[in-house]
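Secondary and tertiary structure notes
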2 protein chains.
Amino acid sequence: MISSTDNAKIKDIIKLKTKKRFRDEAGLFISEGETSVMEIPVELIDEIFVSEDYKGSLPDITGEPVQVSSKVFEKISDTVTPQGILATVKKKETGTEEILTAENNRPVLFLERLQDPGNLGTIVRMAEAAGVAGIIMSADTADIYNPKTVRATMGSLYRVPFSYCGDFIEELEKAKKAGIKVYATTPSDAKDLYECDYTKKSAFIIGNESAGVSDKAAEIADERVKIPMEGKVESLNAAVAAALISFEVRRQRTVSGGLIN
Amino acid sequence: MISSTDNAKIKDIIKLKTKKRFRDEAGLFISEGETSVMEIPVELIDEIFVSEDYKGSLPDITGEPVQVSSKVFEKISDTVTPQGILATVKKKETGTEEILTAENNRPVLFLERLQDPGNLGTIVRMAEAAGVAGIIMSADTADIYNPKTVRATMGSLYRVPFSYCGDFIEELEKAKKAGIKVYATTPSDAKDLYECDYTKKSAFIIGNESAGVSDKAAEIADERVKIPMEGKVESLNAAVAAALISFEVRRQRTVSGGLIN
(Lines give C-alpha, C1' and ligand atoms only; values in the text may rest on other atoms or scores of the structure.)
Protein backbone atom coordinates (compact mmCIF):
# COMPACT_ATOMS: atom_id res chain seq x y z
CA MET A 1 0.00 0.00 0.00
CA ILE A 2 1.25 3.47 -0.90
CA SER A 3 1.11 5.75 2.11
CA SER A 4 3.36 8.58 1.02
CA THR A 5 2.63 11.39 -1.42
CA ASP A 6 6.34 11.32 -2.28
CA ASN A 7 5.73 8.13 -4.23
CA ALA A 8 6.48 8.65 -7.94
CA LYS A 9 3.11 7.27 -9.11
CA ILE A 10 1.24 9.57 -6.74
CA LYS A 11 3.24 12.58 -7.90
CA ASP A 12 2.36 11.69 -11.49
CA ILE A 13 -1.38 11.47 -10.74
CA ILE A 14 -1.33 14.89 -9.13
CA LYS A 15 0.36 16.26 -12.24
CA LEU A 16 -2.20 14.50 -14.48
CA LYS A 17 -4.94 16.13 -12.44
CA THR A 18 -3.63 19.68 -12.63
CA LYS A 19 -1.37 20.06 -15.67
CA LYS A 20 -2.59 19.87 -19.27
CA ARG A 21 0.99 19.72 -20.55
CA PHE A 22 1.70 16.66 -18.42
CA ARG A 23 -1.49 14.97 -19.68
CA ASP A 24 -0.41 15.70 -23.25
CA GLU A 25 3.10 14.31 -22.70
CA ALA A 26 1.95 11.19 -20.88
CA GLY A 27 -1.01 10.54 -23.19
CA LEU A 28 -3.03 9.89 -20.04
CA PHE A 29 -5.77 11.50 -17.98
CA ILE A 30 -7.61 10.64 -14.79
CA SER A 31 -11.18 9.56 -14.16
CA GLU A 32 -12.65 9.23 -10.70
CA GLY A 33 -15.56 7.64 -8.88
CA GLU A 34 -17.15 4.20 -9.09
CA THR A 35 -19.69 4.87 -11.89
CA SER A 36 -17.15 6.78 -13.99
CA VAL A 37 -14.40 4.19 -13.65
CA MET A 38 -16.80 1.36 -14.51
CA GLU A 39 -17.69 3.19 -17.76
CA ILE A 40 -14.11 3.29 -19.06
CA PRO A 41 -13.56 0.81 -21.91
CA VAL A 42 -11.14 -1.70 -20.32
CA GLU A 43 -8.60 -1.40 -23.14
CA LEU A 44 -8.15 2.29 -22.23
CA ILE A 45 -7.44 1.65 -18.55
CA ASP A 46 -3.82 2.31 -17.67
CA GLU A 47 -3.94 1.69 -13.92
CA ILE A 48 -6.52 1.61 -11.11
CA PHE A 49 -5.94 3.22 -7.71
CA VAL A 50 -8.16 2.46 -4.75
CA SER A 51 -8.28 3.84 -1.24
CA GLU A 52 -7.52 1.29 1.52
CA ASP A 53 -11.19 1.28 2.58
CA TYR A 54 -12.74 1.03 -0.94
CA LYS A 55 -15.51 -1.57 -1.07
CA GLY A 56 -17.16 -0.88 -4.45
CA SER A 57 -16.95 -2.50 -7.90
CA LEU A 58 -13.73 -2.95 -9.84
CA PRO A 59 -13.32 -3.05 -13.63
CA ASP A 60 -12.54 -6.42 -15.14
CA ILE A 61 -8.82 -5.97 -15.78
CA THR A 62 -5.86 -8.26 -15.29
CA GLY A 63 -3.70 -7.33 -12.33
CA GLU A 64 -4.51 -5.91 -8.94
CA PRO A 65 -5.46 -2.26 -8.34
CA VAL A 66 -2.89 -0.14 -6.54
CA GLN A 67 -3.89 0.37 -2.92
CA VAL A 68 -3.22 3.76 -1.33
CA SER A 69 -3.89 5.09 2.15
CA SER A 70 -7.02 7.22 2.72
CA LYS A 71 -4.83 10.24 3.25
CA VAL A 72 -2.99 9.75 -0.04
CA PHE A 73 -6.31 9.20 -1.82
CA GLU A 74 -7.59 12.54 -0.57
CA LYS A 75 -4.52 14.13 -2.17
CA ILE A 76 -4.99 12.55 -5.58
CA SER A 77 -8.76 13.04 -5.64
CA ASP A 78 -10.27 16.06 -7.37
CA THR A 79 -13.57 15.90 -5.46
CA VAL A 80 -14.69 17.04 -2.02
CA THR A 81 -16.06 13.62 -1.05
CA PRO A 82 -13.78 11.03 -2.76
CA GLN A 83 -15.35 7.66 -3.57
CA GLY A 84 -12.04 5.84 -3.20
CA ILE A 85 -11.44 4.77 -6.79
CA LEU A 86 -9.52 6.53 -9.55
CA ALA A 87 -8.11 5.38 -12.88
CA THR A 88 -5.39 6.68 -15.11
CA VAL A 89 -6.79 6.37 -18.62
CA LYS A 90 -5.17 6.32 -22.06
CA LYS A 91 -6.24 9.19 -24.31
CA LYS A 92 -7.99 8.22 -27.50
CA GLU A 93 -9.26 10.54 -30.20
CA THR A 94 -11.12 9.76 -33.41
CA GLY A 95 -9.52 11.34 -36.50
CA THR A 96 -11.37 14.34 -37.96
CA GLU A 97 -11.41 12.45 -41.28
CA GLU A 98 -13.42 9.64 -39.74
CA ILE A 99 -15.91 12.08 -38.19
CA LEU A 100 -16.38 14.01 -41.42
CA THR A 101 -16.76 11.05 -43.74
CA ALA A 102 -19.08 8.92 -41.60
CA GLU A 103 -22.00 7.96 -43.79
CA ASN A 104 -24.95 9.14 -41.77
CA ASN A 105 -27.06 12.27 -41.47
CA ARG A 106 -25.99 13.04 -37.92
CA PRO A 107 -24.68 16.56 -37.29
CA VAL A 108 -21.05 17.51 -36.56
CA LEU A 109 -20.22 20.14 -33.93
CA PHE A 110 -17.22 22.41 -34.47
CA LEU A 111 -16.16 24.11 -31.23
CA GLU A 112 -14.03 27.20 -31.71
CA ARG A 113 -12.04 28.34 -28.69
CA LEU A 114 -14.63 27.23 -26.15
CA GLN A 115 -13.09 28.02 -22.76
CA ASP A 116 -15.23 26.66 -19.94
CA PRO A 117 -14.40 23.05 -18.92
CA GLY A 118 -17.88 22.52 -17.48
CA ASN A 119 -19.57 23.74 -20.68
CA LEU A 120 -17.41 21.42 -22.75
CA GLY A 121 -18.34 18.42 -20.60
CA THR A 122 -22.04 19.29 -20.76
CA ILE A 123 -21.78 19.51 -24.55
CA VAL A 124 -20.17 16.07 -24.86
CA ARG A 125 -22.90 14.54 -22.64
CA MET A 126 -25.68 16.27 -24.59
CA ALA A 127 -24.06 15.32 -27.93
CA GLU A 128 -24.36 11.62 -27.19
CA ALA A 129 -28.04 12.04 -26.28
CA ALA A 130 -28.75 14.05 -29.45
CA GLY A 131 -26.94 11.56 -31.68
CA VAL A 132 -24.21 13.94 -32.82
CA ALA A 133 -21.74 12.35 -35.28
CA GLY A 134 -18.72 13.88 -33.61
CA ILE A 135 -17.11 16.98 -32.12
CA ILE A 136 -14.16 18.75 -33.75
CA MET A 137 -12.39 21.30 -31.57
CA SER A 138 -9.91 24.08 -32.31
CA ALA A 139 -6.56 23.43 -30.60
CA ASP A 140 -7.21 26.32 -28.18
CA THR A 141 -10.52 24.90 -26.93
CA ALA A 142 -10.61 23.82 -23.26
CA ASP A 143 -8.99 20.45 -22.55
CA ILE A 144 -11.52 17.63 -22.73
CA TYR A 145 -9.23 15.63 -20.39
CA ASN A 146 -9.50 18.22 -17.59
CA PRO A 147 -10.94 16.30 -14.57
CA LYS A 148 -13.86 18.75 -14.35
CA THR A 149 -14.75 18.13 -18.00
CA VAL A 150 -14.31 14.37 -17.74
CA ARG A 151 -16.72 14.39 -14.78
CA ALA A 152 -19.30 16.58 -16.58
CA THR A 153 -19.37 14.23 -19.60
CA MET A 154 -20.79 11.47 -17.37
CA GLY A 155 -19.06 8.81 -19.46
CA SER A 156 -20.10 10.18 -22.86
CA LEU A 157 -16.42 11.01 -23.41
CA TYR A 158 -15.91 7.32 -24.24
CA ARG A 159 -18.83 7.12 -26.65
CA VAL A 160 -18.88 10.37 -28.64
CA PRO A 161 -16.18 10.66 -31.36
CA PHE A 162 -14.12 13.82 -30.87
CA SER A 163 -10.92 15.35 -32.14
CA TYR A 164 -8.71 18.40 -31.62
CA CYS A 165 -7.40 19.84 -34.86
CA GLY A 166 -4.33 21.85 -35.77
CA ASP A 167 -6.00 24.06 -38.36
CA PHE A 168 -9.66 24.78 -37.59
CA ILE A 169 -10.32 26.64 -40.85
CA GLU A 170 -8.84 23.79 -42.88
CA GLU A 171 -11.17 21.30 -41.17
CA LEU A 172 -14.17 23.48 -42.03
CA GLU A 173 -13.05 23.43 -45.67
CA LYS A 174 -12.73 19.65 -45.50
CA ALA A 175 -16.28 19.40 -44.14
CA LYS A 176 -17.59 21.43 -47.06
CA LYS A 177 -15.66 19.27 -49.52
CA ALA A 178 -17.20 16.19 -47.91
CA GLY A 179 -20.62 17.58 -48.83
CA ILE A 180 -21.56 18.75 -45.36
CA LYS A 181 -23.49 22.01 -45.10
CA VAL A 182 -21.65 24.23 -42.60
CA TYR A 183 -23.60 26.65 -40.39
CA ALA A 184 -22.02 29.36 -38.27
CA THR A 185 -24.04 30.22 -35.18
CA THR A 186 -23.84 33.95 -34.94
CA PRO A 187 -26.45 36.62 -34.08
CA SER A 188 -25.83 38.97 -37.01
CA ASP A 189 -27.04 38.49 -40.58
CA ALA A 190 -28.40 35.08 -39.67
CA LYS A 191 -31.46 32.97 -40.38
CA ASP A 192 -33.66 31.69 -37.59
CA LEU A 193 -32.42 28.25 -36.41
CA TYR A 194 -35.88 26.79 -36.86
CA GLU A 195 -36.23 27.96 -40.49
CA CYS A 196 -33.47 25.81 -41.97
CA ASP A 197 -33.56 22.20 -43.13
CA TYR A 198 -31.04 19.91 -41.45
CA THR A 199 -32.19 16.58 -42.84
CA LYS A 200 -29.06 16.46 -45.02
CA LYS A 201 -25.75 16.20 -43.18
CA SER A 202 -24.94 19.47 -41.39
CA ALA A 203 -22.17 20.92 -39.24
CA PHE A 204 -22.41 23.80 -36.77
CA ILE A 205 -19.69 26.14 -35.56
CA ILE A 206 -20.15 27.10 -31.90
CA GLY A 207 -17.94 30.03 -30.90
CA ASN A 208 -16.08 31.22 -27.85
CA GLU A 209 -18.24 32.16 -24.81
CA SER A 210 -17.61 35.89 -25.14
CA ALA A 211 -16.18 36.50 -28.62
CA GLY A 212 -18.48 34.11 -30.51
CA VAL A 213 -17.56 32.56 -33.88
CA SER A 214 -14.52 34.23 -35.51
CA ASP A 215 -15.04 36.21 -38.72
CA LYS A 216 -12.75 33.84 -40.57
CA ALA A 217 -14.79 30.78 -39.61
CA ALA A 218 -18.12 32.55 -40.25
CA GLU A 219 -16.97 33.51 -43.76
CA ILE A 220 -16.31 29.91 -44.70
CA ALA A 221 -19.72 28.75 -43.49
CA ASP A 222 -22.45 28.14 -46.07
CA GLU A 223 -25.07 29.75 -43.87
CA ARG A 224 -25.40 31.73 -40.65
CA VAL A 225 -28.03 30.71 -38.10
CA LYS A 226 -29.12 32.25 -34.83
CA ILE A 227 -31.30 31.05 -32.01
CA PRO A 228 -34.29 33.39 -31.86
CA MET A 229 -34.33 35.20 -28.53
CA GLU A 230 -36.73 37.45 -26.67
CA GLY A 231 -36.02 40.10 -24.06
CA LYS A 232 -32.63 41.75 -23.64
CA VAL A 233 -30.55 38.56 -23.76
CA GLU A 234 -27.51 38.95 -26.01
CA SER A 235 -26.40 35.34 -26.08
CA LEU A 236 -27.03 31.97 -24.51
CA ASN A 237 -24.70 29.74 -22.54
CA ALA A 238 -22.60 27.79 -25.09
CA ALA A 239 -23.81 24.37 -23.89
CA VAL A 240 -27.43 25.53 -24.04
CA ALA A 241 -26.93 26.83 -27.60
CA ALA A 242 -25.22 23.60 -28.71
CA ALA A 243 -28.07 21.56 -27.21
CA LEU A 244 -30.82 23.59 -28.89
CA ILE A 245 -29.08 23.14 -32.24
CA SER A 246 -28.31 19.44 -31.86
CA PHE A 247 -31.82 18.57 -30.70
CA GLU A 248 -33.45 20.65 -33.47
CA VAL A 249 -31.47 18.56 -35.95
CA ARG A 250 -32.58 15.41 -34.18
CA ARG A 251 -36.21 16.56 -34.21
CA GLN A 252 -36.07 17.20 -37.96
CA ARG A 253 -34.35 13.86 -38.60
CA THR A 254 -37.13 12.14 -36.64
CA VAL A 255 -39.98 13.98 -38.34
CA SER A 256 -38.65 13.23 -41.82
CA GLY A 257 -39.34 9.54 -41.66
CA GLY A 258 -37.58 8.36 -38.56
CA LEU A 259 -33.95 8.68 -37.56
CA ILE A 260 -31.83 7.66 -40.49
CA ASN A 261 -28.69 6.01 -39.27
CA MET B 1 -12.57 56.04 1.71
CA ILE B 2 -12.93 52.76 3.57
CA SER B 3 -9.54 51.09 3.94
CA SER B 4 -10.23 48.55 6.67
CA THR B 5 -12.08 45.26 6.42
CA ASP B 6 -13.16 45.84 10.02
CA ASN B 7 -15.60 48.44 8.78
CA ALA B 8 -19.20 47.38 9.53
CA LYS B 9 -20.40 47.88 5.94
CA ILE B 10 -17.55 45.76 4.59
CA LYS B 11 -18.27 43.00 7.08
CA ASP B 12 -21.90 43.02 5.98
CA ILE B 13 -20.99 42.71 2.30
CA ILE B 14 -18.78 39.71 3.02
CA LYS B 15 -21.69 38.11 4.86
CA LEU B 16 -24.07 38.91 1.98
CA LYS B 17 -21.60 37.23 -0.35
CA THR B 18 -21.20 34.01 1.59
CA LYS B 19 -24.26 33.48 3.80
CA LYS B 20 -27.76 32.75 2.50
CA ARG B 21 -29.25 33.31 5.93
CA PHE B 22 -27.75 36.79 6.11
CA ARG B 23 -29.11 37.61 2.63
CA ASP B 24 -32.55 36.43 3.76
CA GLU B 25 -32.47 38.51 6.95
CA ALA B 26 -31.18 41.65 5.27
CA GLY B 27 -33.40 41.30 2.19
CA LEU B 28 -30.30 42.18 0.16
CA PHE B 29 -27.81 40.50 -2.18
CA ILE B 30 -24.73 41.62 -4.07
CA SER B 31 -24.13 42.12 -7.78
CA GLU B 32 -20.70 42.83 -9.17
CA GLY B 33 -19.02 44.16 -12.31
CA GLU B 34 -19.76 47.18 -14.51
CA THR B 35 -22.24 45.55 -16.93
CA SER B 36 -24.10 43.76 -14.14
CA VAL B 37 -24.41 46.81 -11.92
CA MET B 38 -25.61 48.96 -14.84
CA GLU B 39 -28.41 46.43 -15.43
CA ILE B 40 -29.88 46.73 -11.94
CA PRO B 41 -33.17 48.67 -11.93
CA VAL B 42 -32.20 51.83 -10.00
CA GLU B 43 -35.06 51.47 -7.51
CA LEU B 44 -33.54 48.17 -6.36
CA ILE B 45 -30.07 49.58 -5.69
CA ASP B 46 -29.31 49.79 -1.99
CA GLU B 47 -25.74 51.07 -2.13
CA ILE B 48 -22.85 51.21 -4.61
CA PHE B 49 -19.25 50.39 -3.66
CA VAL B 50 -16.33 51.30 -5.92
CA SER B 51 -12.64 50.60 -5.69
CA GLU B 52 -10.43 53.72 -5.37
CA ASP B 53 -9.18 53.27 -8.96
CA TYR B 54 -12.59 52.55 -10.60
CA LYS B 55 -13.04 54.56 -13.81
CA GLY B 56 -16.14 52.94 -15.37
CA SER B 57 -19.82 53.90 -15.56
CA LEU B 58 -21.99 54.53 -12.53
CA PRO B 59 -25.76 54.00 -12.24
CA ASP B 60 -27.91 57.10 -12.15
CA ILE B 61 -28.68 57.21 -8.44
CA THR B 62 -28.79 60.05 -5.94
CA GLY B 63 -25.85 60.10 -3.56
CA GLU B 64 -22.21 59.23 -4.03
CA PRO B 65 -20.90 55.66 -4.24
CA VAL B 66 -18.88 54.43 -1.26
CA GLN B 67 -15.17 54.43 -2.08
CA VAL B 68 -13.06 51.57 -0.75
CA SER B 69 -9.34 50.81 -1.09
CA SER B 70 -8.22 48.31 -3.75
CA LYS B 71 -7.28 45.89 -1.00
CA VAL B 72 -10.70 46.07 0.63
CA PHE B 73 -12.36 45.69 -2.78
CA GLU B 74 -10.45 42.45 -3.37
CA LYS B 75 -11.90 41.17 -0.09
CA ILE B 76 -15.52 41.97 -0.93
CA SER B 77 -15.26 40.80 -4.54
CA ASP B 78 -16.31 37.29 -5.50
CA THR B 79 -14.27 37.22 -8.73
CA VAL B 80 -10.62 36.56 -9.52
CA THR B 81 -10.21 39.80 -11.48
CA PRO B 82 -12.50 42.35 -9.78
CA GLN B 83 -13.82 45.19 -11.97
CA GLY B 84 -13.98 47.61 -9.06
CA ILE B 85 -17.73 48.08 -8.74
CA LEU B 86 -20.25 46.22 -6.60
CA ALA B 87 -23.80 46.95 -5.50
CA THR B 88 -25.92 45.77 -2.64
CA VAL B 89 -29.34 45.15 -4.17
CA LYS B 90 -32.81 44.86 -2.66
CA LYS B 91 -34.43 41.46 -3.22
CA LYS B 92 -37.64 41.49 -5.22
CA GLU B 93 -39.79 38.51 -6.10
CA THR B 94 -42.97 38.30 -8.14
CA GLY B 95 -45.81 36.51 -6.38
CA THR B 96 -46.61 32.98 -7.66
CA GLU B 97 -50.20 34.18 -8.13
CA GLU B 98 -49.08 36.81 -10.60
CA ILE B 99 -46.96 34.30 -12.54
CA LEU B 100 -49.77 31.74 -12.72
CA THR B 101 -52.56 34.11 -13.70
CA ALA B 102 -50.69 36.15 -16.33
CA GLU B 103 -52.85 36.12 -19.44
CA ASN B 104 -50.46 34.83 -22.06
CA ASN B 105 -49.48 31.48 -23.54
CA ARG B 106 -45.91 31.59 -22.25
CA PRO B 107 -44.75 28.55 -20.26
CA VAL B 108 -44.09 28.44 -16.52
CA LEU B 109 -41.07 26.55 -15.14
CA PHE B 110 -41.38 24.79 -11.79
CA LEU B 111 -37.96 23.95 -10.35
CA GLU B 112 -38.00 21.25 -7.69
CA ARG B 113 -34.93 21.12 -5.44
CA LEU B 114 -32.47 22.18 -8.14
CA GLN B 115 -29.10 22.33 -6.39
CA ASP B 116 -26.44 23.79 -8.66
CA PRO B 117 -26.16 27.61 -8.48
CA GLY B 118 -24.63 27.77 -11.99
CA ASN B 119 -27.45 25.69 -13.50
CA LEU B 120 -30.04 27.92 -11.87
CA GLY B 121 -28.41 31.06 -13.28
CA THR B 122 -28.19 29.54 -16.76
CA ILE B 123 -31.89 28.64 -16.55
CA VAL B 124 -32.91 32.20 -15.63
CA ARG B 125 -30.85 33.60 -18.54
CA MET B 126 -32.27 31.06 -20.99
CA ALA B 127 -35.81 31.63 -19.66
CA GLU B 128 -35.74 35.30 -20.64
CA ALA B 129 -34.56 34.39 -24.15
CA ALA B 130 -37.26 31.74 -24.55
CA GLY B 131 -40.01 34.03 -23.30
CA VAL B 132 -40.86 32.01 -20.20
CA ALA B 133 -43.72 33.53 -18.13
CA GLY B 134 -41.99 32.90 -14.84
CA ILE B 135 -40.05 30.51 -12.63
CA ILE B 136 -41.52 29.01 -9.46
CA MET B 137 -39.02 27.28 -7.17
CA SER B 138 -39.39 24.92 -4.24
CA ALA B 139 -38.03 26.46 -1.04
CA ASP B 140 -35.10 24.01 -1.08
CA THR B 141 -33.92 25.00 -4.58
CA ALA B 142 -30.52 26.73 -4.75
CA ASP B 143 -30.51 30.41 -3.77
CA ILE B 144 -31.05 32.65 -6.80
CA TYR B 145 -29.24 35.43 -4.86
CA ASN B 146 -26.01 33.41 -4.58
CA PRO B 147 -23.31 35.58 -6.27
CA LYS B 148 -22.49 32.73 -8.70
CA THR B 149 -26.14 32.47 -9.76
CA VAL B 150 -26.58 36.23 -10.02
CA ARG B 151 -23.53 36.35 -12.31
CA ALA B 152 -24.74 33.43 -14.48
CA THR B 153 -28.13 35.11 -15.06
CA MET B 154 -26.35 37.95 -16.92
CA GLY B 155 -28.99 40.45 -15.78
CA SER B 156 -32.01 38.26 -16.62
CA LEU B 157 -32.62 38.04 -12.86
CA TYR B 158 -34.13 41.54 -13.08
CA ARG B 159 -36.35 40.74 -16.04
CA VAL B 160 -37.72 37.21 -15.52
CA PRO B 161 -40.50 36.90 -12.90
CA PHE B 162 -39.58 34.32 -10.27
CA SER B 163 -40.73 33.18 -6.87
CA TYR B 164 -39.80 30.73 -4.12
CA CYS B 165 -42.80 28.97 -2.65
CA GLY B 166 -43.53 27.43 0.73
CA ASP B 167 -45.56 24.50 -0.57
CA PHE B 168 -44.47 23.28 -4.00
CA ILE B 169 -47.30 20.77 -4.38
CA GLU B 170 -49.88 23.41 -3.50
CA GLU B 171 -48.53 25.71 -6.23
CA LEU B 172 -48.80 22.90 -8.78
CA GLU B 173 -52.44 22.47 -7.79
CA LYS B 174 -52.97 26.20 -8.20
CA ALA B 175 -51.46 26.05 -11.69
CA LYS B 176 -53.89 23.32 -12.66
CA LYS B 177 -56.82 25.28 -11.23
CA ALA B 178 -55.69 28.28 -13.29
CA GLY B 179 -56.15 26.14 -16.41
CA ILE B 180 -52.46 25.50 -17.02
CA LYS B 181 -51.50 22.04 -18.27
CA VAL B 182 -48.76 20.71 -16.00
CA TYR B 183 -46.05 18.43 -17.40
CA ALA B 184 -43.56 16.50 -15.26
CA THR B 185 -40.25 15.90 -17.02
CA THR B 186 -39.35 12.35 -16.12
CA PRO B 187 -37.88 9.48 -18.15
CA SER B 188 -40.38 6.77 -17.20
CA ASP B 189 -43.89 6.34 -18.57
CA ALA B 190 -43.53 9.56 -20.51
CA LYS B 191 -44.44 10.94 -23.93
CA ASP B 192 -41.79 12.30 -26.26
CA LEU B 193 -41.32 16.05 -25.65
CA TYR B 194 -41.81 16.76 -29.34
CA GLU B 195 -45.14 14.90 -29.55
CA CYS B 196 -47.15 17.18 -27.27
CA ASP B 197 -48.93 20.42 -28.08
CA TYR B 198 -47.82 23.41 -26.00
CA THR B 199 -49.74 26.15 -27.79
CA LYS B 200 -52.09 26.42 -24.80
CA LYS B 201 -50.53 27.60 -21.54
CA SER B 202 -48.23 24.94 -20.09
CA ALA B 203 -46.03 24.44 -17.04
CA PHE B 204 -43.07 22.08 -16.68
CA ILE B 205 -41.62 20.54 -13.53
CA ILE B 206 -37.82 20.22 -13.70
CA GLY B 207 -36.45 18.00 -10.97
CA ASN B 208 -33.34 17.74 -8.84
CA GLU B 209 -30.07 17.02 -10.72
CA SER B 210 -29.75 13.47 -9.41
CA ALA B 211 -33.14 12.49 -7.98
CA GLY B 212 -35.30 14.03 -10.73
CA VAL B 213 -38.94 15.03 -10.19
CA SER B 214 -40.42 13.68 -6.94
CA ASP B 215 -43.20 11.07 -7.16
CA LYS B 216 -45.57 13.43 -5.39
CA ALA B 217 -45.06 16.18 -7.96
CA ALA B 218 -45.18 13.77 -10.89
CA GLU B 219 -48.51 12.39 -9.69
CA ILE B 220 -50.14 15.81 -9.74
CA ALA B 221 -48.95 16.54 -13.27
CA ASP B 222 -51.44 16.14 -16.14
CA GLU B 223 -48.83 14.53 -18.34
CA ARG B 224 -45.28 13.15 -18.22
CA VAL B 225 -42.80 14.15 -20.92
CA LYS B 226 -39.25 13.09 -21.62
CA ILE B 227 -36.56 14.38 -23.91
CA PRO B 228 -35.81 11.60 -26.42
CA MET B 229 -32.20 10.48 -26.01
CA GLU B 230 -29.82 8.22 -27.91
CA GLY B 231 -26.83 6.29 -26.63
CA LYS B 232 -26.33 5.40 -23.00
CA VAL B 233 -27.15 8.82 -21.56
CA GLU B 234 -29.45 8.58 -18.56
CA SER B 235 -30.25 12.24 -18.14
CA LEU B 236 -29.29 15.67 -19.36
CA ASN B 237 -27.89 18.61 -17.45
CA ALA B 238 -30.87 20.40 -15.81
CA ALA B 239 -30.23 23.70 -17.62
CA VAL B 240 -29.96 21.90 -20.96
CA ALA B 241 -33.25 20.08 -20.30
CA ALA B 242 -35.02 23.29 -19.26
CA ALA B 243 -33.74 25.02 -22.41
CA LEU B 244 -34.87 22.26 -24.76
CA ILE B 245 -38.34 22.37 -23.22
CA SER B 246 -38.68 26.16 -23.15
CA PHE B 247 -37.49 26.57 -26.74
CA GLU B 248 -39.72 23.76 -28.02
CA VAL B 249 -42.67 25.66 -26.52
CA ARG B 250 -41.43 28.84 -28.17
CA ARG B 251 -41.03 27.07 -31.51
CA GLN B 252 -44.60 25.77 -31.35
CA ARG B 253 -45.94 29.19 -30.32
CA THR B 254 -44.16 30.72 -33.32
CA VAL B 255 -45.32 28.12 -35.80
CA SER B 256 -48.95 28.43 -34.74
CA GLY B 257 -49.42 31.91 -36.14
CA GLY B 258 -46.67 33.94 -34.53
CA LEU B 259 -45.85 34.47 -30.88
CA ILE B 260 -49.05 35.28 -29.07
CA ASN B 261 -48.35 37.70 -26.25
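Residues numbered from 1 in each chain as written. Chains lettered and ligands numbered in written order. Predicted model: local features only at pLDDT ≥ 70, side-chain atom pairs only at ≥ 80, totals over all residues.

Topic: the pairing of strand 8 (residues 181-185) of chain A
Residue and element names in this part refer to chain A.
- With four of its five residues buried, strand 8 lies for the most part within the structure.
- In this structure, strand 8 lies alongside strand 10 (residues 202-206), joined through four bridges in parallel fashion. Residue pairing in the sheet places Lys181 in a bridge with Ser202 of strand 10.
- In this sheet, strand 11 (residues 223-226) lies alongside strand 8 in parallel orientation, the contact comprising three bridges. Within strand 11, the residue paired with Tyr183 across the bridge is Glu223. (Buried ≥ 20, exposed ≤ 12 C-beta atoms within 10 Å, placed from the backbone. Helix = DSSP H or I, 4+ residues; strand = E, 2+ residues; numbered from the N terminus. Pairing = 2+ DSSP bridges.)

What about the sheet that holds strand 8 (residues 181-185) of chain B?
All names here are of chain B.
- Taken in spatial order, the seven strands make up an open sheet running 7-6-5-10-8-11-9, and their pairing is parallel. The strands lining the two open edges of the sheet, one partner per strand, are strand 7 (162-165) and strand 9 (191-192).
- With four bridges joining them, strand 5 (residues 108-111) and strand 10 (residues 202-206) adopt parallel strand pairing. Along strand 10, the bridge assignment pairs Leu109 with Phe204.
- Against the sheet, helix 8 (residues 168-177) engages strand 5, strand 6 (134-138), strand 7, strand 8 and strand 10, with an angle of about 135 degrees to strand 8. (Contact = placed C-beta atoms within 7 Å. Axes fitted to C-alpha atoms, helices over the stretch in contact; angles between N-to-C directions.)

Here we look at the pairing of strand 11 (residues 223-226) of chain B
- Strand direction decides the pairing type here: strand 9 of chain B and strand 11 of chain B, joined by two bridges, are parallel. Looking at strand 11 of chain B, one finds that Lys191(B) is bridged to Val225(B).

Overview of the packing of helix 10 (residues 238-255) of chain A against helix 10 (residues 238-255) of chain B
- Their axes nearest at 9 Å, the elements helix 10 of chain A and helix 10 of chain B cross at an angle of 50 degrees. Here helix 10 of chain A lies oblique to helix 10 of chain B, going by the angle between them. The handedness of the crossing between helix 10 of chain A and helix 10 of chain B is right-handed. Contacts between helix 10 of chain A and helix 10 of chain B pair Ala239(A), Val240(A), Ala243(A), Leu244(A) and Phe247(A) from the former with Ala239(B), Val240(B), Ala243(B), Leu244(B) and Phe247(B) from the latter.
- Its residues assigned to classes, the contact of helix 10 of chain A with helix 10 of chain B comprises ten nonpolar, no polar and no charged. (Parallel < 35°, antiparallel > 145°, perpendicular 65-115°, else oblique. Left-handed = near helix turned anticlockwise from the far one by under 90°. Nonpolar A, V, L, I, M, F, W, Y, C, P; charged D, E, K, R; others polar.)

Considerations on the packing of helix 6 (residues 117-130) of chain A against helix 10 of chain A
Residues and elements named next belong to chain A.
- Axis separation between helix 6 and helix 10 bottoms out at 9 Å; the angle between their running directions is 10 degrees. As summarised for this structure, helix 6 and helix 10 are arranged roughly parallel, according to the angle between their axes. Contact with helix 6, carried on its side by Asn119, Thr122, Ile123, Met126, Ala127 and Ala130, involves Ala238, Ala239, Ala242, Ala243, Ser246, Phe247 and Arg250 of helix 10 and no other residues of that element.
- Residues that form the contact of helix 6 with helix 10 fall into these classes: nine nonpolar, three polar and one charged.

Points about the confidence of the model for chain A
- Residues of chain A with pLDDT of at least 70 account for 98%, and the chain-wide mean is 95.
- Scoring the predicted complex yields pTM 0.94 and, for the interface, ipTM 0.93. (pLDDT = per-residue confidence, 0-100.)

Here's the deal with the relation of the copies chain A and chain B
- Overlaying chain A with chain B gives an RMSD of 0.0 Å, the required rotation being 180 degrees about an axis along which the chain moves by 0.0 Å. A rotation of that kind, with that shift, is consistent with a two-fold axis. (Least-squares fit on C-alpha atoms with pLDDT ≥ 70 in both.)

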